[in-house]
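For reference, the chains in residue letters:
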Amino acid sequence: MNIVVSPVTATDIEPLAALARVVWQRTYPEIISQAQIDFMLEQRYNPRRVRQELDMPGVWWEQARVDGELVGFASCLLTAAGREMKLDKLYVDPNRQRMGIGERLLREVRAHARREACDTLILAVNKRNAPAIAAYRKHGFTVREAVRVDIGEGFVMDDFIMAQSLLPAVQ
Ligand SMILES: CC(C)(COP(=O)(O)OP(=O)(O)OC[C@H]1O[C@@H](n2cnc3c(N)ncnc32)[C@H](O)[C@@H]1OP(=O)(O)O)[C@@H](O)C(=O)NCCC(=O)NCCS
């Protein structure tokens, strides 16, 4: 399978938001309420917001395509902590999961992090999202801490922060 990764552009926003909804509806109904899913999708994927992020320094969006079809995407951003890149989004079409697409997107995110001289890659994942936690462990992340973040309108993100070092291993 030939996975082609490239930066997201303005014309990709609509299909990307549609794919996000498909993946979220497959992933989150057993984890958070439908109201929270709708709230977070609107917050994170409304076209104006995504377009702003595409133009923002310190934020990168990448898409993965197979035979021209959009099959996944990732975004990452530099954190205020400095030398730390946050994997902010990583989503793969439910019909294409466990085929290495997430890993391929992660490789691209690590490349951005290294170019920005980051020494750590972090992410937040819902504590009950066991398949994603398994994927992140497989790809070299460990749990750093547990957090509960109020995201407004009475919704809370109940997450693990996972991290991986980008420094070469000391022998
Ligand atoms: C998590 C996710 C991004 C991983 O991408 P992917 O392309 O499926 O993952 P890869 O092919 O690179 O790696 C596969 C590994 O991930 C884990 N994994 C992925 N999906 C899994 C599932 N449904 N059940 C259990 N483990 C799973 C396994 O460790 C798997 O390795 P294995 O097949 O050898 O057991 C993708 O499965 C996804 O989009 N999930 C739903 C959305 C989500 O939860 N995103 C993360 C939000 S923080």
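Structure shown above.
From a predicted model like this one, the values you see are computed outputs, not experimental measurements.

Asks: Tell me about the pattern of salt bridges, and name the residues and values.
Replies: Summed over the entire model, instances satisfying the criterion amount to 11 salt bridges. Between Glu53 and Arg49 there is a salt bridge, with the nearest N and O atoms lying 2.8 Å from each other. With Glu53 and Arg49 both in helix H3 (residues 47-54) and four residues apart, the pair spans about one turn of that helix. The class of Glu53 is buried, set by a relative accessible area of 4%. Exposure remark for Arg49: the relative accessible area of 34% places this residue in the partly exposed category. In this structure, the salt-bridge partner of Arg148 is Asp158, at a minimum N-O distance of 3.8 Å. On the criterion of sequence distance, the pair formed by Arg148 in strand S6 (residues 142-152) and Asp158 in strand S7 (residues 155-165) is long-range, its members being 10 residues apart. Judged by relative accessible area, Arg148 falls into the exposed class, the value being 60%.

Asks: Can you break down the environment of Asn2 residue by residue, with the values?
Replies: For Asn2, the location among the structural elements is in the segment before strand S1 (3-7). Between the alpha carbons of Asn2 and Ala134 there is a distance of 24 Å; along the sequence they are 132 residues apart. Not counting residues within four places of it along the chain, the set of residues in contact with Asn2 comprises Arg65, Val66 and Asp67.

Asks: Before we move on, could you go through helix H2 (residues 34-45) and cite the residues and values that matter?
Replies: An ideal rise of 1.5 Å per residue puts 16 Å on 12 residues; H2 measures up with 16 Å between its terminal C-alpha atoms. Those residues of H2 that fall on the buried side of the exposure criterion are Gln36, Ile37, Phe39, Met40, Leu41, Arg44 and Tyr45.

Asks: If you had to explain the nonpolar core to someone new, which residues and values would you point to?
Replies: In this structure, Leu87, Leu121 and Tyr136 are the most contacted members of the largest nonpolar core, which totals 27 residues. Sequence-distant contacts of Tyr136, that is, excluding residues within four places in its chain, are made with Leu87, Leu90, Leu123, Val125, Phe141 and Met162. In terms of nonpolar packing, the next biggest core, distinct from the first, is built from 24 residues, Trp24, Met40, Val50 and Tyr91 among them.

Asks: Could you give an account of the environment of Ile13, with specific residues and numbers?
Replies: Mapped onto the fold, Ile13 is located in helix H1 (residues 13-27). Between the C-alpha atom of Ile13 and that of Val109, which follows or precedes it by 96 residues, the distance is 19 Å. When near neighbours in sequence (up to four residues on either side) are disregarded, Ile13 contacts Pro47, Val50, Arg51 and Leu54.

Calculation notes
- Residues numbered from 1 in each chain as written.
- Predicted model: local features only at pLDDT ≥ 70, side-chain atom pairs only at ≥ 80, totals over all residues.
- Heavy atoms only, no water.
- Salt bridge = Lys/Arg side-chain N within 4 Å of Asp/Glu carboxyl O.
- Helix = DSSP H or I, 4+ residues; strand = E, 2+ residues; numbered from the N terminus.
- Buried < 20%, exposed > 50% of the residue type's maximum accessible area, 1.4 Å probe, protein only.
- Contact = heavy atoms within 4.5 Å.
- Expected span 1.5 Å × (residues − 1).
- Core = buried A, V, L, I, M, F, W, Y, C linked by side-chain atoms within 4.5 Å.

Purely geometric numbers; function is a separate question.
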